[in-house]
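Architecture and fold: a report
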Amino acid sequence: MPVHCKVYDGNTTDDQAHKDTWLFLRQVVGHSDFLYVADSKLCTRENMGLIAQHQGRFLTVMPRTRAEDGWFRDHLQGNELAWREVHRQANPRRRDGPDVVYHGIEAPQRSVEGYRVLWYRSSQEEELDRQSRQDRLRKARVRLGEMRASARRGEFRTEQEAREAGERLLREGQVERWLRLRLEEEVEEEYRQAGPGRPGPKTICKRTEVKRYRIDFEEDGEALAREARLDGLFPLMTNDEKLSLADALSKYKYQPFVEKRHEQLKTVFGVMPMWLKNVARVDSMLWLYYVVELVAALLEREVRRRMRQEGESGLALYPEGRQAEAPTAGLVLDVLEGPRRHRLLNEQGQELRRFHDPVADAAQRVLTLLEVDRAAYGLD
C-alpha cells in the first residue's frame, strides 16, 4: 500500500532518499518500532546509523563491495558450516521441477558497525549461477575456436602478442578466474635466398626457423570448485536482534511485491511520456500518478478483504469465466468497463426513460463487494 510520495531531482541517488523516507514513515506511524526493508542502497553507514540511533529496525541487502562479504566467502572455502533449511516453496517456473529451497546461517562475524549479517543459499539461484558460469565458459571456447580457425588471426609471431590476445579473450568473456591461458609454440622452417639476383642452379638458400604462437585454454579445477561453493549465495544485514532467519527471508522476499505496484502505471493505466517544461507541472503529474497507485491498491485491498469475509475463493474475472483468487485492480476495472446508459428526453429536456446495457454476473458481484450504488448501472 503506497503511503508516501516525494519528487526528487533526477541526479538524486537512491541512498540519499532513504533518510527522508524513513523519517516521514516514523512521523506517520508515530514511533520507530517498525521494520524498514530496502535494497542495497540502504546499506550505508549513514542510513543504517540514522535508523539505529532512533531505535528503529532495518533489513537490507549487503552489497558485494562490503568487506564482510569477502570475509564470509573466504571463510566458507575453508570451513564446513551448519546451514539449515529456512524456507521451501513449489518451483514457480516448472510445475514438475524440484522445490525451491533456501538454507540460511548467521555469519559468526558481525559487520563493522555491529549489525547482524544473515547469509542464504537459494537452490534456484544456485542452478542459475551454475548455468551462467557454464554458458560463459562455452562462449569463451567458441570464440577461441573461431580465432584458431582463422589463419590470419589464429597464429601470432611473438609471445607477447599471443598472450595479450588470450588475456583479452578471457577478460571480455569474464572467465579469467576459471581458465588458464596456455601458449603453444610451433617452429617452422623457411628457406630464403642468401643474396640478391635472379635465382638459378647455383643460388644459395639460407634456412631459418620461424616461431608461431597459438592460444589455448585449460580449466582451473580448484578455482571452479571454489566458485561452485559460492553459487546461490546472498547476504542480508539487520539490526533486529529478534528477527529469525526464516522471518528475515520472508520479509525480504515480499519487497518485490511493493515494487510491482509501479509496473501498473505502464500496463494497467497506460501512462505515456509527456513533455512538461515547468517543474511544478512535473511534480503535479507525478503526484497524480501516486494517487492512481493508491486508489488501485485500495481497490484491490477492499475486494480481497470482502472476499475473505464472505468466504469466496475467487471471482470469475478472467476470460472464459476462470477464477481469480486475488483480483487485481486491472481485472476489476476491466469487468466494469463497457456498460452504457442512455437517456430518452422530451422536447423540454425532461427524462422519459433510461436504458442500461446488461451487466455481467461477475461485474454485479464486484459492485456488491465494493458497495457501489447498483442503481447507477440499472440494477435493483
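None of the values given here were measured: they were computed from a predicted structure. (Residues numbered from 1 in each chain as written. Predicted model: local features only at pLDDT ≥ 70, side-chain atom pairs only at ≥ 80, totals over all residues. Heavy atoms only, no water.)

1. Describing the packing of helix H9 (residues 279-309) against helix H11 (residues 361-370)
Rule in force here: In this analysis an axis means a line fitted to C-alpha atoms, helices contributing only their contacting stretch, and an angle means the value between N-to-C directions, from 0 to 180 degrees. By the criteria applied, helices consist of DSSP H or I runs no shorter than four residues and strands consist of E runs no shorter than two, each listed in order from the N terminus. For classification, angles of less than 35 degrees are called roughly parallel, those exceeding 145 degrees roughly antiparallel, those between 65 and 115 degrees roughly perpendicular, and all remaining angles oblique. Contact between two residues is taken to exist if any of their heavy atoms lie within 4.5 Å; hydrogens are not considered. As a working rule, the residues Ala, Val, Leu, Ile, Met, Phe, Trp, Tyr, Cys and Pro are called nonpolar, Asp, Glu, Lys and Arg charged, and the rest polar, with Gly in that last group.
Across the interface, H9 lies against H11 with an axial gap of 9 Å and an inter-helix angle of 95°. In terms of orientation, H9 lies roughly perpendicular with respect to H11. Contacts between H9 and H11 involve Leu299, Glu302, Val303, Arg306 and Met307 from the first element and Thr368, Leu369 and Leu370 from the second. Here the residues of the contact of H9 with H11 sort into five nonpolar, one polar and two charged.

2. Observations concerning the pattern of salt bridges
Spelled out, the test is: In what follows, salt bridge is the name for a side-chain nitrogen of Lys or Arg lying within 4 Å of a carboxyl oxygen of Asp or Glu. Working definition: with a 1.4 Å probe on protein chains only, accessible area under 20% of the residue-type maximum means buried, over 50% means exposed, and in between means partly exposed.
Summed over all chains, the structure comprises 34 salt bridges. Here Arg180 makes a salt bridge to Glu218, at a shortest N to O gap of 3.4 Å. Residue Arg180 is found in strand E6 (residues 179-193), and its partner Glu218 is found in strand E7 (residues 205-219); the two are separated by 38 residues along the sequence. Between Arg306 and Glu371 there is a salt bridge whose closest N-O contact spans 3.0 Å. Of the two residues, Arg306 sits in helix H9 while Glu371 sits in the segment after H11, which places them 65 residues apart along the sequence. A relative accessible area of 11% means that Arg306 is categorised as buried. Owing to a relative accessible area of 63%, Glu371 belongs among the exposed residues under this scheme. Each of Arg180, Arg182, Glu184, Asp216, Glu218 and Asp220 takes part in one network of salt bridges that share partners.

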